[in-house]
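Spelled out, the chains give:
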Number of protein chains: 4
Amino acid sequence: MSTPSQHHQHDAFRPAESAGPEGGWRAHVHEIIFGIETPAGRAFDIGLVVAILLSILVVVLESVPAIGGPHADLMNGLEWFFTLLFTIEYAVRLATVRHPLRYALSFYGLIDLISLLPTYVSLLIPGTEALLDIRILRLLRVLRIFKLSRYFEEFTRLGEALAASRRKIMVFLAVVLMAVLILGTVMYVVEGPENGYTSIPAAMYWAIVTMTTVGYGDITPKTALGQAIASFMMLLGWGILAVPTGIVTAEMTAQRSGRRTPLRSTLRCGHCGSGGHEVSSRYCRNCGTALPEPARST
Amino acid sequence: MSTPSQHHQHDAFRPAESAGPEGGWRAHVHEIIFGIETPAGRAFDIGLVVAILLSILVVVLESVPAIGGPHADLMNGLEWFFTLLFTIEYAVRLATVRHPLRYALSFYGLIDLISLLPTYVSLLIPGTEALLDIRILRLLRVLRIFKLSRYFEEFTRLGEALAASRRKIMVFLAVVLMAVLILGTVMYVVEGPENGYTSIPAAMYWAIVTMTTVGYGDITPKTALGQAIASFMMLLGWGILAVPTGIVTAEMTAQRSGRRTPLRSTLRCGHCGSGGHEVSSRYCRNCGTALPEPARST
Amino acid sequence: MSTPSQHHQHDAFRPAESAGPEGGWRAHVHEIIFGIETPAGRAFDIGLVVAILLSILVVVLESVPAIGGPHADLMNGLEWFFTLLFTIEYAVRLATVRHPLRYALSFYGLIDLISLLPTYVSLLIPGTEALLDIRILRLLRVLRIFKLSRYFEEFTRLGEALAASRRKIMVFLAVVLMAVLILGTVMYVVEGPENGYTSIPAAMYWAIVTMTTVGYGDITPKTALGQAIASFMMLLGWGILAVPTGIVTAEMTAQRSGRRTPLRSTLRCGHCGSGGHEVSSRYCRNCGTALPEPARST
Amino acid sequence: MSTPSQHHQHDAFRPAESAGPEGGWRAHVHEIIFGIETPAGRAFDIGLVVAILLSILVVVLESVPAIGGPHADLMNGLEWFFTLLFTIEYAVRLATVRHPLRYALSFYGLIDLISLLPTYVSLLIPGTEALLDIRILRLLRVLRIFKLSRYFEEFTRLGEALAASRRKIMVFLAVVLMAVLILGTVMYVVEGPENGYTSIPAAMYWAIVTMTTVGYGDITPKTALGQAIASFMMLLGWGILAVPTGIVTAEMTAQRSGRRTPLRSTLRCGHCGSGGHEVSSRYCRNCGTALPEPARST
């Protein structure tokens, strides 16, 4: 079953139209870098996964003083090597799809681009090259080849459960942010800058640290009144934060037991037109007319 | 569907009776500041949202030393500007409703008033002006205009889930507070003031910090016995704090499946004897015979 | 519905047999201090609640240096006053019940006794008097008078949910403690005393602080390997600690929906003896014999 | 009901074939150290539990400076005593099972071996002897004798719930690790080494500490932007971490209600036409007519 969004992507990734010998070359390369059916296509994808992981490893190791210090030049060189490699790959992808712009603006196309930028930007603003490990997101596409479709399905399920709870979560966040603003301000007034609550934004940061039960301890209430308010906030925070768990769990439980609630036929009574009959019903529950043989639609 | 509480509010917000030309003017202004049907009313509400957000931004920025320091006079001026603006608005609201006192004592009326006080009180007690960002709560009313009714419904649902668990939560809090008092005292005796447990209230604050898993680390057990008791408390605390999550989740799961599972009547068909009909059914779903008037048994 | 345990308690609290004029006096006093039906009995209970709360307030205030320091004598006097008061009450309770020993060994009888001891023990071991706020538990009994029976029912429900999950929780605790021992030891070996992991018990304390997500920060890993193991433990800990929430929530959801799963009659078929019929069944599902009119037992 | 894995273990533990007088001796010893039916077998197991617990106690106490310091020789001696004891036991186990290699490679066989190594390894690498408290895992086998089978069943259930959610948990972990890598890198760039984010691995450690709500506070954001990103991460982290709770809870709820809700056949009674019979029913619960052989439809 292909979802609309998959269709759209497929469209963004479609090969350039083969209108000559050159088109044949482009179709062939397209098959390798976009496809996974041919051995070459599979080898390319595996090579890509390795290159992505290696390039991220370089960035991570470069940041460790004991490694990045003595081997700075090597690391820098490897970083440029991988970025140039991925730049070429990006150019080839653009060259071989039918609608380059549509590809460039697709989700994966944008990630491909963003993954290249940090190295180039670091020429202007030093220090940003570390951000190129955003290319870990490129793995999402390559995962296809590892027969991970069932994992992907789970991923989609999780996403659906969250999406179905979208509005609940927005409301929840709005309530939390209101509470954070008000309680943070109260603590700013009660404790004041001399106890670490240097401004309302700082106090709001503290309020979030407290209500999510992270509790760094870099800012803590010192006065008795502040400690009392903080205690209240912690209990409140736990209550409030039980809500997202409740939302997600209820959604997941419903997803599982969805098969259990009685299946409704899409059938309508031919006599009175009422719908919503259970699939096992034989007579209309509204007017008593015999229903046609129910076609159970999954 | 209008709930009783909505009715009451509506009543508190009803326009002054139009008993002359002056009444016509008041009705017109009422339409603008309370209504959302006319373009003027909608424009007023949007302006109000902007004014509220700006006034809160002023308070927040004023508290940041790097901004509030050099621009103290500007910030203070803006603060007074907004407060006077909202004071006029409050006066007009009072003037144009039929029952000013009822409005003043309604939920939104009280918030309108409380949102004004901090600036005036700060003349007597400096430092309290920051509290005026409680006017964020005024947004609750204004949200109407943004077609957020469905979000509001979710909000009400969350509230209902919590309200339905009210007694469970009270019992839970009572148990937690008893545990906090007793375990806090034990730690006060075991660790003593030399390890930071300076008094029983301080030890209770520590106990709440520990059992809610916030764990600032500003007070920590130093003795082996104290650490053993604290370890026990953390495991206990996790067990205890699984309870509100359980309460909220069970409530939400019930709310969801409540809507889905159709109510079954205990009624049996007089002709074929089959049972399990939905309470709203009028004919047997098995043989089509008319069912007696269904007595909905809760 | 009186449960067996309530019956037992009732028995422990039964008045002394009235075998003469003196018995009449004892029965009368018994009515006052154990009963809540007479105005005197209710007044006694209210007075008791006030006395308990005041005596706890004295203990808490005494521990605060700013209050307990200057007023040490007053506080000490009040503490002895309340302890003597409760000692007399305890003696009268013993004198007026039929089975003093049974009362003394009942749950509430033991709490009554333990609530007295700290003050006397503090003559021998100074500092233990703070422990007398364990008398907060005495409130459990007195709560009867405040029409809190429905809250009590909720309390019992929570207790039942936990009790039903007893074995699951024991297994869970055993697994957690094994993980704590092994992972704590690993960290003791990896990080060593120089980084704060001074002994295996200290490292186990740290492991519990980490896996319960309390995270004081008084002991933290300093080496890269230690931080990697700690990161693994945190993710593991979250997974493990989702378990008690799952246990409690599943139990509560089941409790709620318990009314939904088909009610089973305790009836057995007169012909084949099979049980477990639904209350709405009219014929034995095993042998087809007509069942007697089902007596729905709640 | 013996599961396949139990069967396999049983096979690994089968006694050596008794093909002579020597075989009889080995069978007898096998009965003692593997069996729990004979008094000697039970006594052996109890002795083993005591020895395991004592040997762990020795390791734990040895690590405490106040005890391990003055009594280092005694502790060391006891440690070697227990290790030699368990080495002999291991040799005897190998000698009396039919397939020594299969035993050595079985789960319990490997634990038996690993439990011995630390003491020997400590001759080469001092400090590793503490690791021998991994022999706590040996208790898992010995628990049989304490009639803990029902606890074991719960343990298996918990394990099943987790195993059933295996793929969901893998996907979840992958998402968390991607988020940790990206957000950790962002914080490394924003805050930099001067604020404690000395490398990307250190920043990832911080990100895990934050998103699991442990929050040690050994590394905390100092800049306003860093605090804003951290606040976002905490809220996100809570959302993300509600997911494993949701997974486990949904699984447990399903496990529970799976056992309770009787399977309904889609069959209808041929006489009265009523449906909704349990799959195990043989006669119509409504009219008593014999039902056709129920075809259990999953």
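Residues numbered from 1 in each chain as written. Chains lettered and ligands numbered in written order. Predicted model: local features only at pLDDT ≥ 70, side-chain atom pairs only at ≥ 80, totals over all residues. Heavy atoms only, no water.

Chain A is annotated in an unreviewed UniProt entry as Ion transporter of Massilia niabensis. Recorded in UniProt for chain A, the comment headed Subcellular location (unreviewed entry) runs: "Membrane". (UniProt positions renumbered as here; feature names shortened; annotations may be inferred.)

Undergrad: Mind showing me how you'd approach the overall build of chain A here?
TA: Broken down by element type, chain A carries 13 helices and zero strands. Element order for chain A, N to C, with α for helix and β for strand: α-α-α-α-α-α-α-α-α-α-α-α-α. Within the span of chain A, comprising 298 residues, buried residues form 46% of the whole. Excluding contacts between residues fewer than 6 apart, the proportion of contacts in chain A whose partners are at least 24 apart in sequence is 55%. Surface exposure of chain A reaches about 14,500 Å², of which carbon and sulfur atoms provide 67%. (Helix = DSSP H or I, 4+ residues; strand = E, 2+ residues; numbered from the N terminus. Buried < 20%, exposed > 50% of the residue type's maximum accessible area, 1.4 Å probe, protein only. Contact = heavy atoms within 4.5 Å. Areas by Shrake-Rupley, 256 points an atom, 1.4 Å probe, with all protein chains shown as cover.)

Undergrad: What should I look at first to understand the packing of aromatic side chains in this one?
TA: The description of an aromatic ring pair rests on the distance of the ring centres and on the angle between the ring planes. Considering all chains together, one arrives at 24 aromatic pairs over all chains under this definition. Between Phe82 of chain A and Phe86 of chain A, the ring centres sit 6.4 Å apart and the planes meet at 25 degrees, which makes this aromatic pair stacked. Residue Phe82 of chain A and its partner Phe86 of chain A are located together in helix 5 (residues 72–96), separated by four residues, close to a single helical turn. Judged by relative accessible area, which is 3%, Phe86 of chain A ranks as buried. Taking the centre distance of 5.3 Å and the plane angle of 65 degrees together, the rings of Phe81 of chain C and Phe82 of chain C count as edge-to-face. Taken together, the ring pairs in this structure connect Phe81, Phe82 and Phe86 of chain A into an aromatic cluster. Directly above the aromatic system of Phe86 of chain A lies the positively charged group of Arg138 of chain A, at a separation of 5.3 Å from the ring centroid. (Phe/Tyr/Trp six-rings, centres within 6.5 Å; stacked < 30°, edge-to-face > 60°. Lys NZ or Arg CZ within 6 Å of the ring centre and 35° of its normal.)

Undergrad: I would appreciate a short explanation of the packing of helix 5 (residues 72–96) of chain C against helix 8 (residues 117–124) of chain C in the present structure.
TA: Helix packing geometry: the angle between the two helix axes and the distance between the axes. All names here are of chain C. Where helix 5 meets helix 8, the axes come as close as 9 Å, and the angle between the chain directions of the two elements is 125 degrees. Judged by the angle between their axes, helix 5 and helix 8 are oblique. Taking contact as the criterion, the partners of Glu79, Trp80, Thr83, Leu84 and Thr87 in helix 5 are, on helix 8, Thr119, Tyr120 and Leu123. Counted by class, the contact of helix 5 with helix 8 contains four nonpolar, three polar and one charged residues. (Axes fitted to C-alpha atoms, helices over the stretch in contact; angles between N-to-C directions. Parallel < 35°, antiparallel > 145°, perpendicular 65-115°, else oblique. Nonpolar A, V, L, I, M, F, W, Y, C, P; charged D, E, K, R; others polar.)

Undergrad: When you look at the nonpolar core in this model, what are you seeing that I'm missing?
TA: The nonpolar side chains of soluble globular proteins are, as a tendency, buried together. Ranked by internal contacts, the top residues of the largest apolar core, which has 240 residues, are Trp206 of chain A, Trp206 of chain B, Trp206 of chain C together with Trp206 of chain D. Beyond its immediate chain neighbours, meaning those up to four positions away, Trp206 of chain C contacts Met187, Tyr197, Ile219, Thr220, Pro221, Ala230 and Met233 of chain C together with Tyr216 of chain D. (Core = buried A, V, L, I, M, F, W, Y, C linked by side-chain atoms within 4.5 Å.)

Undergrad: Looking at this structure, I do not really get helix 12 (residues 200–211) of chain B. What am I missing?
TA: Quick reminder: α-helices carry 3.6 residues per turn. Residues three or four places apart thus point the same way. All names here are of chain B. If you check helix 12, its first and last C-alpha atoms are 16 Å apart, about what twelve residues at 1.5 Å a residue would give, namely 16 Å. Among the twelve residues of helix 12, ten are classified as buried, and the element is accordingly described as predominantly covered. All buried positions along helix 12 are accounted for by Ile200, Ala202, Ala203, Tyr205, Trp206, Ala207, Ile208, Val209, Thr210 and Met211. Among the residues trailing helix 12, Thr213 stands out with phi positive, at a value near 65 degrees. (Expected span 1.5 Å × (residues − 1).)

Undergrad: Help me understand the UniProt feature "transmembrane region" (unreviewed entry) in chain A, please; the structure alone is not making it clear to me.
TA: Residue and element names in this part refer to chain A. What UniProt calls "transmembrane region" (unreviewed entry) maps, in this numbering, to residues 46–68, 74–92, 104–125, 169–190, 197–216 and 228–250. Each end of residues 197–216 is marked by a C-alpha atom, and these two atoms are 14 Å apart; helix forms 60% of the span and strand 0%. End C-alpha atoms of residues 228–250 are separated by 33 Å, and the span's content is 100% helix alongside 0% strand.

Undergrad: Please explain the packing of helix 11 (residues 166–191) of chain A against helix 12 (residues 200–211) of chain A as it appears in this structure.
TA: Residues and elements named next belong to chain A. Their axes nearest at 8 Å, the elements helix 11 and helix 12 cross at an angle of 115 degrees. The interaxial crossing formed by helix 11 with helix 12 has right-handed handedness. Contacts from Ala179, Val180, Leu181, Leu183, Gly184, Thr185, Met187 and Tyr188 of helix 11 reach helix 12 at Ile200, Ala203, Met204, Trp206, Ala207, Ile208 and Met211. In the contact of helix 11 with helix 12, the residues fall into 13 nonpolar, two polar and no charged. (Left-handed = near helix turned anticlockwise from the far one by under 90°.)

Undergrad: Before we go on, may I ask you to explain the side chain of Ser231 of chain D in this structure?
TA: Structurally, Ser231 of chain D is set in helix 13 (residues 224–260). The exposure class of Ser231 of chain D is buried, given its relative accessible area of 9%. Excluding anything up to four places from it in sequence, Ser231 of chain D contacts Tyr205 and Ile208 of chain A.

Undergrad: Just checking my understanding: could you explain the environment of Trp80 of chain D for this structure?
TA: All names here are of chain D. Tracing the backbone through its elements, the reader meets Trp80 in helix 5 (residues 72–96). By relative accessible area, which is 22% here, Trp80 ends up partly exposed. Once the C-alpha coordinates of Trp80 and Tyr120 are considered, the two residues, 40 residues apart in sequence, prove to be 9.0 Å apart. Setting aside chain neighbours within four positions, we find Trp80 in contact with Thr119, Tyr120 and Leu123.

Undergrad: Just checking my understanding: could you explain the pattern of salt bridges for this structure?
TA: Note that side chains of opposite charge can pair when their charged atoms are close. Inspection of the entire model under this criterion finds 14 salt bridges over all chains. With a closest N to O distance of 2.8 Å, Arg138 of chain B and Asp112 of chain B form a salt bridge. Here Arg138 of chain B is found in the loop between helix 8 (117–124) and helix 9 (139–142), whereas its partner Asp112 of chain B is found in helix 7 (residues 107–114), with 26 residues between them in sequence. Neither residue differs from the other here; Arg138 of chain B and Asp112 of chain B are each classed as buried. When salt bridges that share partners are traced, they join Glu89, Arg93, Asp112 and Arg138 of chain A into one network. (Salt bridge = Lys/Arg side-chain N within 4 Å of Asp/Glu carboxyl O.)

Undergrad: Explain a nonpolar patch on the surface here, please?
TA: All names here are of chain A. Judged by side-chain polarity, Leu113, Leu117, Val121, Leu123, Leu124 and Ile125 come together as a nonpolar surface patch covering roughly 570 Å² of accessible area. Looking at the secondary structure, you find Leu124 in the loop between helix 8 (117–121) and helix 9 (139–142). A relative accessible area of 75% places Leu124 in the exposed class. (Patch = residues over 30% accessible without salt bridge, like charges linked within 9 Å, V, L, I, M, F, W, Y side chains within 5 Å.)

Undergrad: Please explain unusual backbone geometry as it appears in this structure.
TA: Peptide bonds are trans in most cases, and residues, glycine excluded, mostly fall at negative phi. If you check the backbone angles, Thr213 of chain B has positive phi at about 65 degrees while not being a glycine. Inspection of the secondary structure assignment puts Thr213 of chain B in the loop between helix 12 and helix 13 (224–260).

Undergrad: What exactly am I supposed to notice about the environment of Tyr188 of chain D here?
TA: Position of Tyr188 of chain D among the secondary structure elements: in helix 11 (residues 166–191). Sequence separation between Tyr188 of chain D and His71 of chain D is 117 residues, and the spatial gap between their C-alpha atoms is 47 Å. For Tyr188 of chain D, the residues in contact, after removing those within four places along its chain, are Ser63 and Ala130 of chain A together with Pro193, Tyr197, Thr198, Ser199, Ile200 and Ala203 of chain D.

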